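Structure assessment
The primary structure of each chain is shown beneath.
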Amino acid sequence: MRVPVELFDYATKEPVEGELFDEVTVEHFLETQRDWRPAVIEAAKAMLKSGAPRVNVPRHFHWDWSTKEADLRVLAFSFFGITCRGKLQGIMKLETAGRSSRLPEHKGKPLIYIDYLETAPWNIKTLVEALGKGPQFGAVGTRLIEAAVRRSLEEGFKGRLALHSLSTSEQFYLEKCGMMGVGRDSAKQDLLWCEFTPEQAEIFLGEGGGAA
Amino acid sequence: MKMNTDKDWLSRRAELEDGCFVSVGGLVESLAEREQTATNVVPMKPAFVRFVQLARRDRRLSLEDFAEKVDVDLAELVKIETEEHYKPTLRTVHMIAEFLKVPEKTLLALAGLLQAKDPQFQKAALKFAARSAPVEKLSQQEHSDLEEIVRLLCEQ
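Residues numbered from 1 in each chain as written. Chains lettered and ligands numbered in written order. Predicted model: local features only at pLDDT ≥ 70, side-chain atom pairs only at ≥ 80, totals over all residues.

**Focus on the overall build of chain B**
Secondary structure assignment for chain B yields 9 helices and 0 strands. Start at the N end of chain B and walk to the C end: the helices and strands fall as α-α-α-α-α-α-α-α-α. Within chain B, contacts between residues at least 6 apart in sequence are counted, and of these 62% link residues at least 24 apart. (Helix = DSSP H or I, 4+ residues; strand = E, 2+ residues; numbered from the N terminus. Contact = placed C-beta atoms within 7 Å.)

**A closer look at the environment of Leu10(B)**
Within the secondary structure layout, Leu10(B) lies in helix α1 (residues 7–17). The class for Leu10(B) is buried, based on 24 C-beta atoms found within 10 Å. (Buried ≥ 20, exposed ≤ 12 C-beta atoms within 10 Å, placed from the backbone.)

**Let's talk about the interface of chain A and chain B**
In many analyses, interface size is given as the accessible surface area lost on bringing the parts together. Tallying the contact residues gives 48 residues for chain A and 28 residues for chain B. Taken together, the residues of the side of chain A that touches chain B break down into 19 nonpolar, 16 polar and 13 charged. (Nonpolar A, V, L, I, M, F, W, Y, C, P; charged D, E, K, R; others polar.)

**Quick notes on the nonpolar core**
Residues and elements named next belong to chain A. Counting 61 residues, the largest nonpolar core has Met-92, Ile-114, Leu-144, Ala-148, Val-149 and Leu-161 as the members making the most contacts within it. In terms of residue count, the dominant contributor to this core is helix α4 (residues 140–154) (7 residues). Leaving out residues up to four positions away in the same chain, Leu-161 has contacts with Leu-111, Ile-112, Ile-114, Ala-148, Val-149, Ser-152, Glu-195, Phe-196 and Ala-201. (Core = buried A, V, L, I, M, F, W, Y, C linked by C-beta atoms within 7 Å.)

**Quick word on the sheet that holds strand β9 (residues 191–196) of chain A**
Read across the open sheet, the 9 strands follow the order β6-β1-β2-β3-β4-β5-β7-β9-β8 (chain A); overall the sheet is mixed. The open sheet has two free edges, formed respectively by β6 (137–138) and β8 (180–185) of chain A, since each of these has just one partner strand. Sheet analysis places strand β1 (residues 2–9) of chain A next to strand β2 (residues 14–24) of chain A, joined by 8 bridges and oriented antiparallel. Its bridge partner being in β2(A), Arg2(A) is matched across the sheet by Phe21(A). Sheet strands in contact with α1(B) are β1, β2 and β6 of chain A, and its direction is about 60° off that of β1(A). (Pairing = 2+ DSSP bridges. Axes fitted to C-alpha atoms, helices over the stretch in contact; angles between N-to-C directions.)

**A few points about the confidence of the model for chain B**
All names here are of chain B. A residue-level look at chain B finds 85% of positions with pLDDT of 70 or above and a mean pLDDT of 81. Within chain B, the element-level pLDDT minimum falls on helix α2 (residues 26–41), averaging 64, and the maximum on α1, averaging 94. This complex was scored by the predictor with a pTM of 0.66 and an ipTM of 0.86. (pLDDT = per-residue confidence, 0-100.)

**Description of the pairing of β8(A)**
Pairing geometry for β8(A) and β9(A), over 5 bridges, is antiparallel. Across the sheet, residue Met180(A) finds its bridge partner in β9(A), namely Glu195(A).

**Considerations on the packing of helix α3 (residues 45–58) of chain B against helix α9 (residues 140–155) of chain B**
Residues and elements named next belong to chain B. Packing of α3 against α9 leaves a shortest axis separation of 10 Å and a crossing angle of 115°. α3 and α9 meet at a crossing whose hand is left-handed. Residues Phe-51, Leu-54, Ala-55 and Asp-58 of α3 pack against Glu-142, His-143, Asp-145, Leu-146 and Ile-149 of α9. The residue makeup of the contact of α3 with α9, split by class, is 5 nonpolar, 1 polar and 3 charged. (Left-handed = near helix turned anticlockwise from the far one by under 90°.)

**Description of the packing of helix α4 (residues 63–70) of chain B against helix α5 (residues 74–82) of chain B**
Residues and elements named next belong to chain B. One way to put it is that α4 packs onto α5 with a least axis distance of 9 Å and a crossing angle of 120°. Our classification of the angle between α4 and α5 gives oblique. Between α4 and α5 lies a crossing of right-handed hand. Only Leu-74, Leu-77 and Val-78 of α5 make contact with α4, whose side of the interface consists of Leu-63, Glu-64, Phe-66 and Ala-67. For the contact of α4 with α5, the class distribution of residues is 6 nonpolar, no polar and 1 charged. (Parallel < 35°, antiparallel > 145°, perpendicular 65-115°, else oblique.)

**Describing unusual backbone geometry**
All names here are of chain A. At Lys-13, a residue that is not glycine, the phi angle is positive and equals roughly 60°. Assignment of secondary structure puts Lys-13 in the loop between β1 and β2. One non-glycine residue, Arg-85, lies in the positive phi region at around 50°. Tracing the backbone shows Arg-85 in the loop between β3 (79–84) and β4 (87–95).

**Quick notes on the environment of Asn123(A)**
Within the secondary structure layout, Asn123(A) lies in the loop between β5 (112–119) and α3 (125–130). Spatially, the C-alpha atoms of Asn123(A) and Gly90(A) are 8.9 Å apart, while their sequence positions differ by 33 residues.

**Digging into the environment of Asp58(B)**
Residue and element names in this part refer to chain B. Its location among the elements puts Asp-58 in helix α3. On the neighbour-count criterion, Asp-58 (16 C-beta atoms within 10 Å) is partly exposed. In the structure, Asp-58 is positioned 88 residues away from Leu-146 in sequence and 8.5 Å away in space, judged by C-alpha atoms. Ignoring any residue separated from it by four or fewer positions in sequence, one finds Asp-58 in contact with Leu-138, His-143 and Leu-146.

**Digging into α4(A)**
Helical geometry note: an α-helix holds 3.6 residues per turn, so side chains three or four residues apart project in the same direction. Residues and elements named next belong to chain A. Between its first and last C-alpha, α4 extends 21 Å over 15 residues, near the 21 Å set by a 1.5 Å rise per residue. Of all 15 residues that make up α4, 14 are buried, and the element is covered over most of its length. Phi for Gly-156, located one or two positions after α4, is positive at around 85°. (Expected span 1.5 Å × (residues − 1).)

**Brief notes about the confidence of the model for chain A**
For chain A, the average pLDDT comes to 86, and 87% of its residues sit at 70 or higher. Low pLDDT, under 50, characterises residues 208–212 of chain A; the predicted model gives this stretch 11 contacts beyond four residues in sequence or across chains.

**Concerning the pairing of strand β7 (residues 161–165) of chain A**
Residues and elements named next belong to chain A. By the criterion of burial, β7 is predominantly enclosed, with 5 of the 5 residues buried. Where β5 meets β7, 3 bridges bridge the pair, whose relative direction is parallel. Bridge assignment links Ile-114 to a residue of β7, and that residue is Leu-163. By the bridge criterion, 5 bridges tie β7 to β9 in an arrangement that is antiparallel. Across the sheet, the residue bridging to His-164 is Trp-193, located in β9.

Written out as C-alpha coordinates, the structure is:
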(Lines give C-alpha, C1' and ligand atoms only; values in the text may rest on other atoms or scores of the structure.)
Protein backbone atom coordinates (compact mmCIF):
# COMPACT_ATOMS: atom_id res chain seq x y z
CA MET A 1 0.00 0.00 0.00
CA ARG A 2 1.25 3.44 -0.93
CA VAL A 3 -0.98 6.49 -0.53
CA PRO A 4 -0.27 10.20 -0.76
CA VAL A 5 -0.50 12.10 2.50
CA GLU A 6 0.16 15.71 3.35
CA LEU A 7 2.35 16.82 6.23
CA PHE A 8 2.86 20.33 7.54
CA ASP A 9 6.07 22.08 6.56
CA TYR A 10 7.18 24.30 9.44
CA ALA A 11 9.50 26.32 7.17
CA THR A 12 6.80 27.42 4.70
CA LYS A 13 3.77 26.96 7.03
CA GLU A 14 2.18 25.10 4.12
CA PRO A 15 1.16 21.49 3.49
CA VAL A 16 3.81 19.34 1.85
CA GLU A 17 3.29 16.11 -0.08
CA GLY A 18 4.44 12.89 1.55
CA GLU A 19 3.69 9.22 1.19
CA LEU A 20 2.32 6.65 3.62
CA PHE A 21 3.29 3.04 2.98
CA ASP A 22 3.25 -0.28 4.78
CA GLU A 23 6.33 -2.01 3.40
CA VAL A 24 9.05 -0.98 5.84
CA THR A 25 11.23 -4.05 6.31
CA VAL A 26 13.39 -4.89 9.33
CA GLU A 27 16.44 -3.82 7.28
CA HIS A 28 14.85 -0.47 6.46
CA PHE A 29 13.81 -0.05 10.07
CA LEU A 30 17.34 -0.70 11.39
CA GLU A 31 18.87 1.56 8.76
CA THR A 32 16.48 4.32 9.79
CA GLN A 33 17.30 3.87 13.46
CA ARG A 34 21.01 4.13 12.62
CA ASP A 35 20.17 7.35 10.80
CA TRP A 36 18.04 8.77 13.64
CA ARG A 37 20.06 7.64 16.63
CA PRO A 38 23.03 10.06 16.44
CA ALA A 39 20.67 13.04 16.33
CA VAL A 40 18.68 11.70 19.29
CA ILE A 41 21.83 11.07 21.34
CA GLU A 42 23.27 14.47 20.47
CA ALA A 43 20.06 16.23 21.47
CA ALA A 44 19.65 14.17 24.66
CA LYS A 45 23.21 15.01 25.72
CA ALA A 46 22.61 18.70 25.02
CA MET A 47 19.41 18.56 27.08
CA LEU A 48 21.14 16.87 30.01
CA LYS A 49 24.02 19.35 29.82
CA SER A 50 21.65 22.32 29.86
CA GLY A 51 19.92 20.96 32.95
CA ALA A 52 16.64 20.03 31.24
CA PRO A 53 14.40 17.89 33.45
CA ARG A 54 15.26 14.21 33.00
CA VAL A 55 11.60 13.49 32.36
CA ASN A 56 11.86 15.45 29.09
CA VAL A 57 14.87 13.47 27.87
CA PRO A 58 13.82 10.66 25.50
CA ARG A 59 13.46 7.54 27.58
CA HIS A 60 15.16 5.23 25.11
CA PHE A 61 17.71 7.57 23.56
CA HIS A 62 20.52 5.10 24.34
CA TRP A 63 18.56 2.14 22.88
CA ASP A 64 20.62 0.26 20.30
CA TRP A 65 18.17 -1.37 17.89
CA SER A 66 20.92 -3.20 16.01
CA THR A 67 21.32 -5.54 18.99
CA LYS A 68 17.63 -6.44 18.72
CA GLU A 69 17.78 -7.58 15.10
CA ALA A 70 17.28 -11.27 15.91
CA ASP A 71 14.24 -10.53 18.08
CA LEU A 72 12.81 -8.21 15.44
CA ARG A 73 13.09 -10.97 12.86
CA VAL A 74 11.40 -13.47 15.19
CA LEU A 75 8.49 -11.05 15.57
CA ALA A 76 8.23 -11.03 11.75
CA PHE A 77 6.33 -7.83 11.36
CA SER A 78 6.12 -5.01 8.91
CA PHE A 79 5.94 -1.34 9.70
CA PHE A 80 4.01 1.63 8.37
CA GLY A 81 6.17 4.55 7.38
CA ILE A 82 5.75 8.10 6.15
CA THR A 83 8.31 9.53 3.77
CA CYS A 84 8.70 13.14 2.74
CA ARG A 85 11.44 14.69 0.63
CA GLY A 86 13.13 11.31 0.33
CA LYS A 87 13.43 10.55 4.03
CA LEU A 88 11.46 8.50 6.50
CA GLN A 89 9.70 10.93 8.84
CA GLY A 90 7.93 8.49 11.13
CA ILE A 91 7.42 4.77 11.68
CA MET A 92 4.65 2.75 13.29
CA LYS A 93 4.05 -0.94 13.94
CA LEU A 94 0.55 -2.32 14.42
CA GLU A 95 -0.81 -5.52 15.87
CA THR A 96 -4.07 -6.32 14.17
CA ALA A 97 -4.99 -9.52 16.01
CA GLY A 98 -5.20 -10.77 19.56
CA ARG A 99 -5.77 -7.43 21.30
CA SER A 100 -8.98 -6.23 22.89
CA SER A 101 -10.45 -3.25 24.67
CA ARG A 102 -9.78 -2.66 28.37
CA LEU A 103 -12.61 -0.16 28.73
CA PRO A 104 -15.48 -1.64 30.81
CA GLU A 105 -18.11 -0.70 28.21
CA HIS A 106 -16.08 -2.19 25.33
CA LYS A 107 -14.41 -5.04 27.24
CA GLY A 108 -13.28 -7.88 24.97
CA LYS A 109 -14.01 -6.06 21.72
CA PRO A 110 -11.14 -6.34 19.22
CA LEU A 111 -8.98 -3.36 18.47
CA ILE A 112 -5.82 -2.33 16.68
CA TYR A 113 -2.83 -2.06 19.01
CA ILE A 114 0.08 0.26 18.17
CA ASP A 115 3.14 -1.27 19.77
CA TYR A 116 5.65 1.07 18.18
CA LEU A 117 5.42 4.62 16.92
CA GLU A 118 8.18 7.14 16.57
CA THR A 119 8.83 10.28 14.55
CA ALA A 120 12.22 11.32 13.19
CA PRO A 121 14.25 13.37 15.71
CA TRP A 122 14.32 16.41 13.38
CA ASN A 123 10.52 16.62 13.74
CA ILE A 124 10.58 16.72 17.56
CA LYS A 125 10.66 20.27 18.86
CA THR A 126 12.34 19.52 22.22
CA LEU A 127 15.18 17.67 20.49
CA VAL A 128 15.91 20.10 17.69
CA GLU A 129 15.54 23.15 19.93
CA ALA A 130 18.19 21.66 22.24
CA LEU A 131 20.47 21.91 19.21
CA GLY A 132 19.35 25.43 18.35
CA LYS A 133 17.12 24.47 15.41
CA GLY A 134 13.42 24.18 14.63
CA PRO A 135 11.33 21.12 13.69
CA GLN A 136 10.93 20.28 9.99
CA PHE A 137 7.58 18.56 9.50
CA GLY A 138 4.43 18.68 11.59
CA ALA A 139 1.54 16.24 12.08
CA VAL A 140 3.68 13.16 11.41
CA GLY A 141 2.45 11.42 14.58
CA THR A 142 -1.10 12.53 13.81
CA ARG A 143 -0.92 11.01 10.32
CA LEU A 144 0.33 7.70 11.70
CA ILE A 145 -2.47 7.63 14.28
CA GLU A 146 -4.91 8.48 11.48
CA ALA A 147 -3.60 5.51 9.47
CA ALA A 148 -4.04 3.24 12.50
CA VAL A 149 -7.64 4.41 13.02
CA ARG A 150 -8.41 3.86 9.34
CA ARG A 151 -6.88 0.40 9.55
CA SER A 152 -9.15 -0.28 12.53
CA LEU A 153 -12.14 0.77 10.42
CA GLU A 154 -10.99 -1.47 7.56
CA GLU A 155 -10.68 -4.42 9.95
CA GLY A 156 -14.23 -3.80 11.19
CA PHE A 157 -13.04 -2.65 14.64
CA LYS A 158 -14.96 0.64 14.27
CA GLY A 159 -11.90 2.80 14.98
CA ARG A 160 -11.05 1.14 18.30
CA LEU A 161 -7.34 1.62 18.93
CA ALA A 162 -4.94 1.24 21.87
CA LEU A 163 -1.30 1.88 22.72
CA HIS A 164 1.09 2.11 25.67
CA SER A 165 2.16 5.74 25.79
CA LEU A 166 5.58 6.78 27.04
CA SER A 167 5.30 9.40 29.79
CA THR A 168 6.63 12.13 27.46
CA SER A 169 3.80 11.41 24.99
CA GLU A 170 0.83 11.12 27.37
CA GLN A 171 -0.25 14.73 26.91
CA PHE A 172 -0.38 14.23 23.16
CA TYR A 173 -2.54 11.12 23.28
CA LEU A 174 -4.85 12.27 26.09
CA GLU A 175 -5.24 15.99 25.45
CA LYS A 176 -4.44 16.42 21.76
CA CYS A 177 -5.81 13.20 20.26
CA GLY A 178 -8.60 12.74 22.80
CA MET A 179 -7.78 9.15 23.77
CA MET A 180 -8.77 7.77 27.16
CA GLY A 181 -6.15 6.87 29.77
CA VAL A 182 -7.46 3.51 30.90
CA GLY A 183 -4.78 2.65 33.44
CA ARG A 184 -1.11 2.05 34.10
CA ASP A 185 0.15 -1.35 33.04
CA SER A 186 2.44 -2.98 35.60
CA ALA A 187 3.55 -5.50 32.96
CA LYS A 188 4.85 -2.61 30.81
CA GLN A 189 6.85 -0.53 33.28
CA ASP A 190 3.68 1.29 34.34
CA LEU A 191 3.18 2.83 30.90
CA LEU A 192 -0.28 4.28 30.39
CA TRP A 193 -2.70 2.20 28.29
CA CYS A 194 -4.54 4.72 26.09
CA GLU A 195 -7.58 3.84 24.04
CA PHE A 196 -9.88 5.27 21.39
CA THR A 197 -13.55 4.34 21.49
CA PRO A 198 -15.30 4.40 18.07
CA GLU A 199 -16.81 7.79 18.96
CA GLN A 200 -13.48 9.32 19.96
CA ALA A 201 -11.83 7.90 16.84
CA GLU A 202 -14.48 9.53 14.68
CA ILE A 203 -13.94 12.88 16.36
CA PHE A 204 -10.19 12.52 15.86
CA LEU A 205 -10.61 11.87 12.12
CA GLY A 206 -12.63 15.06 11.83
CA GLU A 207 -14.93 16.33 9.12
CA GLY A 208 -14.25 14.87 5.73
CA GLY A 209 -12.19 12.17 7.40
CA GLY A 210 -14.49 9.37 6.31
CA ALA A 211 -14.87 7.79 9.73
CA ALA A 212 -18.29 6.42 8.96
CA MET B 1 -6.76 3.57 2.58
CA LYS B 2 -7.87 7.14 1.91
CA MET B 3 -6.34 9.79 4.13
CA ASN B 4 -7.89 13.08 5.17
CA THR B 5 -7.20 15.74 2.51
CA ASP B 6 -8.68 18.68 4.42
CA LYS B 7 -5.93 21.30 4.71
CA ASP B 8 -7.58 23.06 7.66
CA TRP B 9 -7.75 19.77 9.53
CA LEU B 10 -4.06 19.24 8.84
CA SER B 11 -3.13 22.72 10.08
CA ARG B 12 -5.20 22.30 13.24
CA ARG B 13 -3.72 18.88 13.92
CA ALA B 14 -0.15 20.07 13.24
CA GLU B 15 -0.71 22.91 15.70
CA LEU B 16 -2.05 20.49 18.30
CA GLU B 17 0.82 18.04 17.83
CA ASP B 18 3.30 20.94 17.85
CA GLY B 19 6.35 18.72 17.29
CA CYS B 20 5.89 16.98 20.63
CA PHE B 21 7.01 13.49 21.58
CA VAL B 22 4.61 10.85 20.29
CA SER B 23 6.61 7.72 21.13
CA VAL B 24 4.80 4.53 22.01
CA GLY B 25 6.49 2.00 24.28
CA GLY B 26 4.91 -1.44 23.83
CA LEU B 27 7.51 -2.95 21.52
CA VAL B 28 10.50 -1.58 23.42
CA GLU B 29 9.17 -2.94 26.71
CA SER B 30 8.47 -6.33 25.10
CA LEU B 31 12.02 -6.52 23.75
CA ALA B 32 13.48 -5.36 27.08
CA GLU B 33 11.44 -8.04 28.83
CA ARG B 34 12.77 -10.71 26.43
CA GLU B 35 16.31 -9.52 27.13
CA GLN B 36 15.73 -9.55 30.89
CA THR B 37 14.26 -13.05 30.76
CA ALA B 38 17.18 -14.27 28.70
CA THR B 39 19.65 -12.72 31.13
CA ASN B 40 17.99 -14.44 34.05
CA VAL B 41 17.50 -17.81 32.47
CA VAL B 42 20.28 -18.71 30.05
CA PRO B 43 23.30 -18.81 32.39
CA MET B 44 21.64 -21.51 34.55
CA LYS B 45 21.41 -24.02 31.71
CA PRO B 46 25.05 -25.27 31.78
CA ALA B 47 24.54 -26.17 35.45
CA PHE B 48 21.51 -28.28 34.53
CA VAL B 49 23.44 -30.09 31.79
CA ARG B 50 26.35 -30.82 34.09
CA PHE B 51 24.02 -31.99 36.85
CA VAL B 52 22.29 -34.47 34.53
CA GLN B 53 25.63 -35.75 33.20
CA LEU B 54 27.17 -36.24 36.63
CA ALA B 55 24.04 -37.82 38.10
CA ARG B 56 23.88 -40.27 35.20
CA ARG B 57 27.54 -41.16 35.35
CA ASP B 58 27.44 -41.47 39.12
CA ARG B 59 24.92 -44.26 38.61
CA ARG B 60 27.14 -45.80 35.92
CA LEU B 61 24.33 -45.50 33.42
CA SER B 62 24.74 -45.07 29.70
CA LEU B 63 22.55 -42.51 27.97
CA GLU B 64 20.30 -45.34 26.74
CA ASP B 65 19.96 -46.88 30.21
CA PHE B 66 19.34 -43.51 31.85
CA ALA B 67 16.67 -42.63 29.26
CA GLU B 68 14.97 -45.95 29.85
CA LYS B 69 15.05 -45.73 33.64
CA VAL B 70 13.87 -42.10 33.72
CA ASP B 71 11.34 -42.87 30.99
CA VAL B 72 12.37 -40.04 28.70
CA ASP B 73 13.14 -39.89 25.01
CA LEU B 74 16.77 -40.85 24.29
CA ALA B 75 17.06 -38.29 21.50
CA GLU B 76 16.02 -35.53 23.88
CA LEU B 77 18.49 -36.68 26.51
CA VAL B 78 21.27 -36.57 23.94
CA LYS B 79 20.20 -33.06 22.96
CA ILE B 80 20.18 -31.97 26.60
CA GLU B 81 23.72 -33.19 27.11
CA THR B 82 25.17 -32.05 23.79
CA GLU B 83 23.27 -29.02 22.49
CA GLU B 84 24.05 -25.85 24.36
CA HIS B 85 20.84 -24.02 23.46
CA TYR B 86 18.43 -26.94 23.56
CA LYS B 87 15.45 -26.28 25.80
CA PRO B 88 14.24 -29.46 27.54
CA THR B 89 10.54 -30.20 27.79
CA LEU B 90 8.65 -29.80 31.05
CA ARG B 91 7.85 -33.50 31.17
CA THR B 92 11.49 -34.53 30.80
CA VAL B 93 12.63 -32.22 33.59
CA HIS B 94 9.76 -33.49 35.75
CA MET B 95 10.78 -37.12 35.12
CA ILE B 96 14.46 -36.42 35.79
CA ALA B 97 13.59 -34.61 39.04
CA GLU B 98 11.46 -37.53 40.14
CA PHE B 99 14.12 -40.09 39.29
CA LEU B 100 16.96 -38.16 40.92
CA LYS B 101 14.76 -37.19 43.88
CA VAL B 102 15.35 -33.45 43.67
CA PRO B 103 12.64 -30.76 43.87
CA GLU B 104 10.99 -30.25 40.49
CA LYS B 105 10.73 -26.46 40.71
CA THR B 106 14.40 -25.89 41.40
CA LEU B 107 15.36 -28.28 38.62
CA LEU B 108 13.02 -26.41 36.27
CA ALA B 109 14.81 -23.18 37.24
CA LEU B 110 18.16 -24.83 36.61
CA ALA B 111 16.93 -26.02 33.20
CA GLY B 112 15.86 -22.48 32.28
CA LEU B 113 12.14 -23.26 32.26
CA LEU B 114 11.39 -21.19 35.36
CA GLN B 115 12.91 -17.93 36.44
CA ALA B 116 15.31 -18.39 39.36
CA LYS B 117 14.67 -15.67 41.92
CA ASP B 118 17.35 -16.48 44.48
CA PRO B 119 20.64 -14.83 43.47
CA GLN B 120 22.59 -17.12 45.83
CA PHE B 121 21.14 -20.15 44.07
CA GLN B 122 22.03 -18.68 40.67
CA LYS B 123 25.56 -17.94 41.82
CA ALA B 124 26.07 -21.44 43.23
CA ALA B 125 24.64 -23.03 40.08
CA LEU B 126 26.93 -21.00 37.83
CA LYS B 127 29.91 -21.89 40.01
CA PHE B 128 28.98 -25.53 39.67
CA ALA B 129 28.64 -25.24 35.88
CA ALA B 130 31.94 -23.43 35.57
CA ARG B 131 33.81 -26.40 37.01
CA SER B 132 32.72 -28.59 34.11
CA ALA B 133 35.37 -31.01 32.80
CA PRO B 134 34.53 -34.01 30.64
CA VAL B 135 36.04 -37.22 32.09
CA GLU B 136 34.96 -40.81 31.79
CA LYS B 137 34.64 -41.63 35.45
CA LEU B 138 33.63 -39.36 38.31
CA SER B 139 36.57 -38.10 40.27
CA GLN B 140 36.34 -37.52 43.99
CA GLN B 141 35.91 -33.80 43.25
CA GLU B 142 33.07 -34.45 40.81
CA HIS B 143 31.47 -36.71 43.32
CA SER B 144 31.64 -33.92 45.91
CA ASP B 145 30.34 -31.45 43.34
CA LEU B 146 27.41 -33.69 42.62
CA GLU B 147 26.60 -34.04 46.30
CA GLU B 148 26.88 -30.29 46.65
CA ILE B 149 24.41 -29.55 43.84
CA VAL B 150 21.97 -32.18 45.12
CA ARG B 151 22.15 -30.59 48.56
CA LEU B 152 21.67 -27.15 47.01
CA LEU B 153 18.65 -28.28 45.01
CA CYS B 154 17.08 -29.93 48.05
CA GLU B 155 17.62 -26.88 50.25
CA GLN B 156 15.62 -24.61 47.94
